Amino acid sequence: THTHTHTTTTTTTTTTTTTTATTSTTSSDTNTTDAEFSLPSPTFANGVCYNAVQQVSYWLVQQEGRIVQAYAVLALANITAASSSLLLQSSVVVSSLPPSVGGLNTYPRSGSPGYLTGKPVLAGRLSNGVVQLANSPDEWLQFHRQTADACVSSSVLFGSNVASGCTLRLNLTAFGCCSCIRQQAFDMVAPSERGPDHVAKYGNSSQTELEDWVPLLNRQPQLNSNEGTDTVTSCSGVLTGVALQILTARVGALENPQTVVVGASYSYTTSTLTYLCIGTFCQPGNNHLVQPFQLSSSVAFVDISSAPDAVVQSAPDVAKKLPSDFFYPFE
């Protein structure tokens, strides 16, 4: 919520006793409700003006260019007639709510505004003018790594370069279906087709401000279906490497630069997997023996900032001529 305040003050002070009262109006697309509270009438007795309005504050709440709530806060005071001055104040406070668009959700920020090292990189999928985010930051932008049991996804953390991957284990029988191997490798390390297509420039980018996001380029590799060079022990065109490169830059004041994302893109490596017929491999009855094949997954952050220039203002020129009477009455 963004708030802007404008205050007007007329200065003339006195000792007073104050009370407050509020009137408000709220509105929606379907109904309007007005609430009015009766205020005590001002009276004058024994040289004192009771229940005089000394301060008025108007509060307006807007959403998508429309006022959705308005109310006033009045401060009443008892003022003595002998007072030589009186303090009168008025203010207007305008608060802005985010657009009421479906798909918006609350989420922890990764910086304000620049990214903080070690925080998840914000990434989501653009839909109807809003960048939709997964409920968990661990699902925003991911790379793949091998555990003891399986190939799993992990969150991309800002500033953390990663070289990891997964292990594809194949026996000789599997090479009888190279299209199956290509699909298996693709499913293990390729970015999800339903994954994010935009990355946030800032650690606190708004889901509705599209200029705060950059497109994630080349995010979906092509599945190679060419079987012309496949053999009984080798399969070509297998996706064996996925590399995510995120370009960053430091912007803002020299004494407090903010790190932002200026671009992001995937690149891919395809290779030919060959089952090595050495030792007992490829011997009759040993078609079940497996060999490991490494599929890489990496993340690299590249700082493309230019070296900052510290600009120091030149000293002002000193007037060389002085008036003839500058040292008067001294000589």
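Residues numbered from 1 in each chain as written. Predicted model: local features only at pLDDT ≥ 70, side-chain atom pairs only at ≥ 80, totals over all residues. Heavy atoms only, no water.

Novice: What am I meant to see in the overall build of the protein chain here?
Specialist: When helices and strands are tallied, the protein chain shows 1 helix and 17 strands. Within the protein chain, buried positions represent 31% of all 331 residues. In the protein chain, the proportion of contacts linking residues at least 24 apart, taken out of those at least 6 apart, comes to 70%. As presented, the protein chain carries roughly 20100 Å² of accessible surface, and 53% of it is formed by carbon and sulfur atoms. (Helix = DSSP H or I, 4+ residues; strand = E, 2+ residues; numbered from the N terminus. Buried < 20%, exposed > 50% of the residue type's maximum accessible area, 1.4 Å probe, protein only. Contact = heavy atoms within 4.5 Å. Areas by Shrake-Rupley, 256 points an atom, 1.4 Å probe, with all protein chains shown as cover.)

Novice: I keep staring at the state of the cysteines and nothing clicks. Help me out?
Specialist: Covalent bonding between the sulfur atoms of two cysteines is what defines a disulfide. Going through the model one piece at a time under the given rule, you end up with 3 disulfides. Bridging Cys151 to Cys166, the disulfide has an S-S length of 1.8 Å. On the sign convention where negative means left-handed, the S-S torsion of about 65° between Cys151 and Cys166 marks this disulfide as right-handed. One end of the pair, Cys151, is in strand β11 (residues 151-155); the other, Cys166, is in strand β12 (residues 162-171), with 15 residues separating them in the sequence. Residue Cys151 is classed as partly exposed on the basis of its relative accessible area of 24%. Take Cys166: its relative accessible area is 0%, and that puts it in the buried class. The disulfide partner of Cys178 is Cys235, and the gap between their sulfur atoms is 1.9 Å. (Disulfide = S-S within 2.5 Å.)

Novice: How do you make sense of the pattern of salt bridges when you look at a structure like this?
Specialist: In a structure, side chains of opposite charge can pair up when their charged atoms sit close to one another. One pass over the full model with this rule turns up 2 salt bridges. The shortest N-O distance in the salt bridge between Arg182 and Asp230 comes to 3.1 Å. In this pair, Arg182 sits in helix α1 (residues 178-189) while Asp230 sits in the loop between β14 (213-217) and β15 (234-251), placing the two residues 48 residues apart along the sequence. Overall, the relative accessible area of 2% leaves Arg182 in the buried class. (Salt bridge = Lys/Arg side-chain N within 4 Å of Asp/Glu carboxyl O.)

Novice: When you look at the nonpolar core in this model, what are you seeing that I'm missing?
Specialist: Ranked by internal contacts, the top residues of the largest apolar core, which has 43 residues, are Leu141, Val156, Leu168 and Val199. Those elements giving two or more residues to this core turn out to be β12, α1, β13 (198-200), β14, β15, β16 (258-274) and β17 (290-303). With sequence-adjacent residues up to four places away left out, Leu168 is seen in contact with Ile181, Gln184, Ala185, Met188, Leu273, Gln291, Pro292, Phe293 and Leu295. (Core = buried A, V, L, I, M, F, W, Y, C linked by side-chain atoms within 4.5 Å.)

Novice: Quick question: what am I supposed to make of unusual backbone geometry here?
Specialist: With the exception of glycine, most residues fall at negative phi, and the peptide bonds are largely trans. In this chain, Ser112 is followed by Pro113 through a cis amide linkage whose omega measures -5°. Take Pro113: it is sitting in the loop between β7 (88-97) and β8 (123-127). Of note, the phi angle at Asn46 is positive, near 55°, even though the residue is not glycine. Residue class for Asn46 comes out exposed when judged on its relative accessible area of 77%. Even without a glycine there, the phi angle at Asn218 is positive, about 50°. Following the sequence through the fold, Asn218 ends up in the loop between β14 and β15.

Novice: Teacher, can you tell me more about the side chain of Ser155 here?
Specialist: Relative to the helices and strands, Ser155 resides in strand β11. Excluding anything up to four places from it in sequence, Ser155 contacts Pro120, Pro137, Asp138, Leu141 and Phe143.

Novice: Looking at this structure, I do not really get the environment of Pro191. What am I missing?
Specialist: By the secondary structure assignment, Pro191 is in the loop between α1 and β13. Under the relative-accessibility criterion, Pro191 is labelled buried at 13%. Residues Pro191 and Leu141, 50 residues apart in the sequence, show an inter-C-alpha distance of 9.3 Å. Leaving out residues up to four positions away in the same chain, Pro191 has contacts with Arg219, Gln220, Pro221, Val242, Tyr266 and Tyr268.

Novice: So what exactly am I meant to see when it comes to the sheet that holds β17 here?
Specialist: Strand pairing in a sheet relies on backbone hydrogen bonds, with the paired strands running either antiparallel or parallel. Pairing is mixed across the open sheet formed by 8 strands, whose spatial order is β9-β8-β13-β14-β16-β15-β17-β12. For this open sheet the edge positions go to β9 (130-132) and β12, each flanked by a neighbour on one side alone. Sheet twist, expressed as the mean angle between neighbouring strand axes with direction ignored, is 30°. Here β8 pairs with β13 via 2 bridges, running antiparallel. Residue pairing in the sheet places Ala123 in a bridge with Val199 of β13. Along the sheet, α1 makes contact with β12, β15, β16 and β17, crossing β15 at roughly 20°. (Pairing = 2+ DSSP bridges. Axes fitted to C-alpha atoms, helices over the stretch in contact; angles between N-to-C directions.)

Keep in mind these numbers describe shape, not what the thing actually does.
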